[in-house]
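# Descriptive analysis of the structure
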Amino acid sequence: MATLSSSHCTAYYSSTFNGRGQRPTKLFSVPERFVHVKSPRSFYQNVVLSQDGSVSSTIAPIENDTTLKKLKDGLLSATSSKECENLVGFDGNDNNSTVSITVVGASGDLAKKKIFPALFALYYEGCLPEHFTVFGYARSKMTDAELRTMVSRTLTCRIDKRENCDEKMEQFLKRCFYHSGQYDSEQNFLELDKKLKEHEAGRVSNRLFYLSIPPNIFIDAVKCASSSASSANGWTRVIVEKPFGRDSESSAALTKGLKQYIEEDQIFRIDHYLGKELVENLSVLRFSNLIFEPLWSRQYIRNVQFIFSEDFGTEGRGGYFDNYGIIRDIMQNHLLQILALFAMETPVSLDAEDIRNEKVKVLRSMKPLQLNDVVIGQYKSHTKGGVKYPAYIDDKTVPKDSLTPTFAAAALFIDNARWDGVPFLMKAGKALHTKGAEIRVQFRHVPGNLYNRNFGTDLDRATNELVIRVQPDEAIYLKINNKVPGLGMRLDSSNLNLHYAARYSKEIPDAYERLLLDAIEGERRLFIRSDELDAAWALFTPVLKELEQKKIIPEYYPYGSRGPVGAHYLAAKYNVRWGDLTIDR
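Described in the following lines is the structure provided in the data block. (Residues numbered from 1 in each chain as written. Predicted model: local features only at pLDDT ≥ 70, side-chain atom pairs only at ≥ 80, totals over all residues. Heavy atoms only, no water.)

## Observations regarding the packing of helix α3 (residues 109–124) against helix α15 (residues 511–521)
- Remark: α3 packs on α15, axes separated minimally by 8 Å, with the N-to-C direction vectors making an angle of 65°. With respect to α15, the axis of α3 lies roughly perpendicular. α15 is crossed by α3, and the crossing has right-handed handedness. Residues L110, K114, I115, A118, L119, A121 and L122 of α3 form the contact with α15, whose participating residues are Y512, E513, L516 and L517.
- Its residues assigned to classes, the contact of α3 with α15 comprises 9 nonpolar, no polar and 2 charged. (Axes fitted to C-alpha atoms, helices over the stretch in contact; angles between N-to-C directions. Helix = DSSP H or I, 4+ residues; strand = E, 2+ residues; numbered from the N terminus. Parallel < 35°, antiparallel > 145°, perpendicular 65-115°, else oblique. Left-handed = near helix turned anticlockwise from the far one by under 90°. Contact = heavy atoms within 4.5 Å. Nonpolar A, V, L, I, M, F, W, Y, C, P; charged D, E, K, R; others polar.)

Listed below in structure tokens is the structure:
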């Protein structure tokens, strides 16, 4: 598991023979907060965890407040660059190997806004090996200097060690280079290979290709990279961005095409939501806290809600979005992946394959989504405060007769002993009243509740609810009922709140930082396996085809509203009220 400052970087190695020569091979990578390793098999039975993720140690009795403050500051502090260099998944003093990271599609928005800044953050933290090179590859004509200028505009020093930021930035940019070429040209990739070898200087070369390009040219780019620019004596890996097809057939064709040139274990299908701090904390919350595991079933949970909302529309990107829609763009990947992590059984270990096996079991246990369990919507023009907000079809890149949904709500079910009968509700939309992503777990009503009369007929007011706010302003809080101080018997609903910004002084790393580091280290736990992808598409493909074949007209909702009314009827159908309709105090 790769992590950054608040979860220190470390890895464990064994000497293995790869057919080309003897070199260190990483067995697995874990955060520094896990210590006292005896063997890979017994590793997770021999960990020592401190409360906030720091390394546990023997602590002398606290004598005064000053000592307490020093201790607290020490426990909450992030790892220094020096510590990270010693613990990262590469030997910082190893002169025999290097990592070359090629961003294919380097001139695009994703590369500029996310990939290059994430690589710089990893470099700043000392979580990259001593010998590494970053290459940009795209069709645009550009020099090394022009690439560095472009990249420098998006690099920020958000990390706490700011005093040497300019120096670090300059050092990072010196390791950035550019090569212009076509995505389907083996000759251009051969030229790239030649440049990579010059920088690798005879060391064992490990190469990572990040495909930040449209999916229709994935296979061409992988074919050329595999045949003309793959490593001759180290590993070669490819990160593939979503969308992974539009349905089961196109997804299977894409996977088949990629596997003509590379193996499954070389493919890293990235879903950046799996790299978010609160999503990664899901398994920790459930499997390391005794109070939750007994409650995590149909016996105590009434429903689970996965809610995603954006307060802006397509804003000129409608041409891309119109080909996919909100169900493909958000539900089939981001929300479904979170659902699988939430609902899976306890894995045998924290090994990537054990976790992904359990996720696949959840997806295969689910009923395919039915049309009568789906509500779709599309935002329309709306004037508020004297400002007119455009409709979806007002986007010049969108056809005027488009029926593509910008909002969807759905009810899914898992047919297994743990979750039988529990509705898993999803809701996702653009141009809504707020921006956020959260998981809401609503528990069952207390049977024979002595205090029902204090809540009146609305028993939902007395429902306990666990809320995991993924973004923004990350938090985990539990809604409980308690007595308001005073002589009377007045009850109130309050939150037991873990607010990350208040509890932890360090800024949360961007999801791309975590996932890039995982890919470099070969950790696949947060990436999607091909059978997992097949199972996910099997749930959504039938209803997507039905929506398109029947030309179902979406329910229109005003820009900046809470979405279509139909979403509330869908929830009411299963005796559920959307949790984001109330104001959490």
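## Let's talk about the packing of aromatic side chains
- Going through the model one piece at a time under the given rule, you end up with 25 aromatic pairs.
- Both rings, one in F306 and one in F424, keep their centres 6.4 Å apart while their planes meet at 15°; by these two values the pair is stacked. On the criterion of sequence distance, the pair formed by F306 in strand β9 (residues 301–309) and F424 in strand β14 (residues 424–429) is long-range, its members being 118 residues apart.
- Assessed through its relative accessible area of 0%, F424 is described here as buried.
- Through pairs of rings, three or more aromatic residues link up here, namely F321, Y379, Y389, Y392, F407, Y557 and Y559.
- A cation over a ring is seen here: K276 above Y273, with NZ or CZ 5.0 Å from the ring centre. (Phe/Tyr/Trp six-rings, centres within 6.5 Å; stacked < 30°, edge-to-face > 60°. Buried < 20%, exposed > 50% of the residue type's maximum accessible area, 1.4 Å probe, protein only. Lys NZ or Arg CZ within 6 Å of the ring centre and 35° of its normal.)

## Topic: the packing of helix α7 (residues 218–228) against helix α8 (residues 248–258)
- It is at 9 Å that the axes of α7 and α8 come closest, and there the two elements cross at 10°. With respect to each other, α7 and α8 are oriented roughly parallel. Only A253, L254, G257 and L258 of α8 make contact with α7, whose side of the interface consists of F218, I219 and V222.
- Residue classes in the contact of α7 with α8 are distributed as 6 nonpolar, 1 polar and no charged.

Coordinates in, geometry out; function isn't part of it.
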